[in-house]
Amino acid sequence: MRAVVSRRSSVVRVHERVCPEPSRRDARAYIMFKKILVANRGEIAVRVIRACRELGIPSAGVFSDVDRASLHILKADEAYPIGPSAAAESYLNIEKILDVAKRCGADAVHPGYGFLSENAKFAQACADAGIKFIGPSAASMEMMGSKTRARREMEKAGVPFVPGTSHALESVEQAKDVAAKIGYPVMLKAAAGGGGKGMRLVGSAKELHAALQAAQSEAQRAFGDSEVYLEKAILNPRHIEVQVLADEHGNIVYLGERECSIQRRHQKVLEEAPSPLVDPDMRRRMGEVAVMVAKTARYCNAGTVEFLVDQAKNFYFLEMNTRLQVEHPVTELITGLDLVELQIRIAAGERLPFRQEDVLIRGHAIECRIYAEDPDNNYFPSPGKITMLLNPAGPGIRLDSGVYEGCTVPIDYDPLLAKLVGYGQNRAQAVSRLVRALKELFVAGIKTNIDLFRRILADEDFRSGKVDTGYLERLLSSAPREGKSEEKSEGKEETTDVAAIAAAVFAVLDSTSKAAGDGNGTSDVSVPAPSGWKRAARGEGLM
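Everything numeric in this text was worked out from a predicted model, so none of it was measured. (Residues numbered from 1 in each chain as written. Predicted model: local features only at pLDDT ≥ 70, side-chain atom pairs only at ≥ 80, totals over all residues. Heavy atoms only, no water.)

Chemist: When you look at the side chain of Lys419 in this model, what are you seeing that I'm missing?
Modeler: Among the structural elements, Lys419 can be located in strand β23 (residues 416–424). Lys419 gets classed as buried once you look at its relative accessible area, which sits at 0%. Side chain to side chain, Lys419 and Glu43 meet in a polar contact 3.2 Å long. (Helix = DSSP H or I, 4+ residues; strand = E, 2+ residues; numbered from the N terminus. Buried < 20%, exposed > 50% of the residue type's maximum accessible area, 1.4 Å probe, protein only. Polar contact = N/O pair within 3.5 Å; in protein donor to acceptor, adjacent residues only side chain to side chain.)

Printed below as a string of structure tokens:
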């Protein structure tokens, strides 16, 4: 039996749903939450909806006008409109989200990441409405949401962090005094910020005044808060983060680390777990500090503690992300744990089903963030209709996607299309599988950054694990190396792949034209046999 979907202006509802009989475990989860509202869009909304389905919990999705035909709406059991495409009027509108939750009977909300996921006001509004927010408390968010306040709390707890100020800078003179004490270069950062907004690298005293004004102005525009602090700049550090889970009974564990150093404009592009830099002893020490951070914040649910690591392998607390991370799949693959399911169970009051000593790191996973971007136009977003989509598969490949062939990618939101993850018994196998998957992945109709990952994975520094936060900028600024047999071979393979796809498309079109006419596959129009040139070209492409 197929699900029947009705579409009205106010609701999209699945009238019948055929699914396996829930196990005792699933039934118990179903009793915990009657329905979960997924307050997000794209691939993360699809990911949460799938976790709900596995637990036997009905899901409700929300959509803006431009997202009416999005994949997460097709996957959800119910879906409700929440307004215009502008995020401020839809996905960021707390009143509309809570109104839908009440109308559809949801007793829990999963925020995904981005949008309202780290909004303390939203978490508190959910609590006031009697709806469970699947994430940390508003108090924990507020403590860790302000980087200056977080630094003060971590200082009290003895957590190592980069030297600098723990309060907002009050004047240029104060900034100059602090910078002179800790030494240049220094970094200006927005206290309420993230994603590189309100961040400036300052190399000398004469640059400080203008950089501070620019950072404060950008922070105000991006976050509505001009507070900026200053810290010692660690040149070419590695960005390594530790995943933590905490239940409502005081149990906290860490689930290993993720290497997130490959960034462009302070935005992560490729992540992997475990980090090629981290050995078991360093992993234990970083994990223990991450647990200390979570305890200090009285944290509950899934969270990530981020560190900067210098060239001597000293690590410093950077910040805590009080939500599920985009790159959580790599941790799931190396631990065998379902983080979204655990988030839901923790929010329902369950204890963590394992202890720290039960967590085992197995194999290696690498994630590529596939964006709708135009590499030839400074990676500017490339919205539009996906006219053809070929997804990769095979051993060790996971694809978390929010798109399908024929859908339209809007300009209004983050251009993330999907996350392609390769998993192997070791790093070399993970890289090899990911290279193969990237050759299988084909998106037509829009521009993507797929070629960027092919270049990264072929790079000798990446393959040897020699990366830092400046790695990608150096790679992009350097011309592709010519004359190497590996690159020549890869270029030939890519040409062959394109020729093979073209040959397959022509073959389908030929068979379709021959079958047109009557039901017996004959046609009134005589179709000339393909030329020898065409046959030869197809043969070369398929070789």
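Chemist: When you look at the sheet that holds strand β21 (residues 397–401) in this model, what are you seeing that I'm missing?
Modeler: Strand pairs in the sheet, formed through backbone hydrogen bonds, run parallel or antiparallel to each other. Spatially, the eight strands line up as an open sheet ordered β15-β14-β11-β12-β13-β16-β23-β21, and their pairing is antiparallel. Each edge of the open sheet is held by one strand with a lone partner, namely β15 (315–321) and β21. Here the average twist between neighbouring strands, direction ignored, is 25°. In terms of strand pairing, strand β16 (residues 364–371) meets β23 through eight bridges, oriented antiparallel. Residue pairing for β23: Cys368 is matched across the bridge by Leu420. With respect to the sheet, helix α2 (residues 42–55) is in contact with β21 and β23, its orientation differing from that of β21 by roughly 110°. (Pairing = 2+ DSSP bridges. Axes fitted to C-alpha atoms, helices over the stretch in contact; angles between N-to-C directions. Contact = heavy atoms within 4.5 Å.)

Chemist: Sorry, what's going on with helix α5 (residues 120–128) here?
Modeler: Each α-helix winds once per 3.6 residues, and so residues spaced three or four apart point in a common direction. Of the positions making up α5, those classed as buried are Ala120, Phe122, Ala123 and Cys126. Down the axis of α5, the buried side of the element spans an arc of 165°, and every buried residue falls inside it. α5 presents Lys121 and Asp128 as exposed residues on the side facing more than 90 degrees away from its buried surface. One side-chain oxygen at the N-terminal end of α5 lies 2.9 Å from the backbone nitrogen of Lys121; it belongs to Asn119. Gly130 occupies a position one or two residues after α5 and carries a positive phi of about 75°. (Arc of directions from axis to C-beta.)

Chemist: When you look at the packing of aromatic side chains in this model, what are you seeing that I'm missing?
Modeler: How two aromatic rings sit relative to each other is given by the distance of their centres and the angle of their planes. For the structure on display, the rule yields five aromatic pairs. Geometrically, the ring pair formed by Tyr91 and Phe115 is stacked, given 5.0 Å between the ring centres and 20° between the ring planes. Placement of Tyr91 in the loop between β5 (78–81) and α4 (94–104) and of Phe115 in the loop between β6 (108–110) and α5 is noted, with a sequence separation of 24 residues between them. When its relative accessible area of 0% is taken as the criterion, Tyr91 is described as buried. With relative accessibility at 27%, the residue Phe115 sits in the partly exposed group. Relative to Tyr413, the ring of Phe115 lies with its centre 6.2 Å away and its plane at 85°, an arrangement referred to as edge-to-face. With a gap of 298 residues between them, Phe115 in the loop between β6 and α5 and Tyr413 in the loop between β22 (408–409) and β23 connect regions that are remote in the sequence. (Phe/Tyr/Trp six-rings, centres within 6.5 Å; stacked < 30°, edge-to-face > 60°.)

Chemist: Help me out: how do you make sense of the nonpolar core in this one?
Modeler: Soluble globular proteins tend to bury their nonpolar side chains together. Core analysis: the largest hydrophobic core is formed by 36 residues, its most contacted members being Ile262, Leu270, Ile370, Ile456 and Phe462. When residues of this core are traced back to their parent elements, those giving at least two are β13 (267–273), β16, β23, α13 (427–440), α14 (450–458) and α16 (471–477). No other element matches the six residues that α13 contributes to this core. What Phe462 contacts, discounting residues up to four positions off in sequence, is Ile262, Leu270, Glu272, Ile366, Arg427, Val431, Ile456, Leu457, Val467 and Tyr471. Within the second largest apolar cluster, 33 residues are counted, among which are Leu324, Leu342, Ile344 and Leu352. (Core = buried A, V, L, I, M, F, W, Y, C linked by side-chain atoms within 4.5 Å.)

Chemist: I'm lost on the pattern of salt bridges in this one. Help?
Modeler: Side chains that differ in sign of charge can pair as their charged atoms come close. Under the criterion given, the structure shown has 37 salt bridges. Between Asp99 and Arg103 there is a salt bridge, with its nearest N and O atoms 3.0 Å apart. Of the two residues, Asp99 and Arg103 both sit in helix α4, four residues apart, roughly one turn of that helix. Across the pair Glu440 and Arg436 runs a salt bridge, and its minimum N-O distance is 3.9 Å. Of this pair, Glu440 and Arg436 are both found in helix α13, four residues apart, which corresponds to roughly one turn of the helix. Residue Arg436 is classed as partly exposed on the basis of its relative accessible area of 26%. (Salt bridge = Lys/Arg side-chain N within 4 Å of Asp/Glu carboxyl O.)

Chemist: Looking at this structure, I do not really get the pairing of β23. What am I missing?
Modeler: In regular strands, side chains alternate between the two faces of the sheet. The buried count for β23 comes to eight of nine residues, which makes it a mostly enclosed element. Taken together, the five bridges between β21 and β23 define a ladder with antiparallel strand orientation. Paired with Leu399 across the two strands is Leu420, which belongs to β23.

Chemist: What is the right way to read the packing of helix α6 (residues 138–145) against helix α7 (residues 147–157) from this model?
Modeler: Think of two packed helices as two axes; the pair is described by the angle between the axes and how far apart they sit. One can describe the packing of α6 onto α7 by two numbers: an axis separation of 5 Å at closest approach and a directional angle of 95°. Viewed along their axes, α6 and α7 adopt a mutual orientation that is roughly perpendicular. On the side of α6, the interface is formed by Glu142, Met143, Met144 and Gly145, while α7 contributes Lys147, Arg149, Ala150, Glu153 and Met154. Classifying every residue of the contact of α6 with α7 by side-chain character gives four nonpolar, one polar and four charged. (Parallel < 35°, antiparallel > 145°, perpendicular 65-115°, else oblique. Nonpolar A, V, L, I, M, F, W, Y, C, P; charged D, E, K, R; others polar.)

Chemist: Explanation requested: unusual backbone geometry in the structure shown.
Modeler: Apart from glycine, the bulk of residues carry a negative phi angle, and the bulk of peptide bonds sit in the trans form. Between Tyr184 and Pro185 the backbone carries a cis peptide bond, its omega angle lying at 0°. As for its placement among the helices and strands, Pro185 is situated in the loop between α8 (172–182) and β8 (186–190). Residues Ala273 and Pro274 are joined by a peptide bond in cis, for which omega reads -5°. Of note, Pro274 is situated in the loop between β13 and α10 (280–296).

Chemist: Explain the sheet that holds strand β9 (residues 200–202) to me, please; I cannot follow it from the model alone.
Modeler: An order of β9-β8-β10 is seen for the three strands of this open sheet, with the pairing classed as antiparallel. The sheet is open, and its two borders are formed by β9 and β10 (228–232), each paired with just one other strand. For this sheet, the mean angle separating the axes of adjacent strands, direction not counted, is 25°. Here β8 runs beside β10; their pairing, made up of five bridges, is antiparallel. Looking at β10, one finds that Lys189 is bridged to Tyr229. Relative to the sheet, helix α9 (residues 205–223) contacts β8, β9 and β10, its axis offset from that of β9 by approximately 170°.

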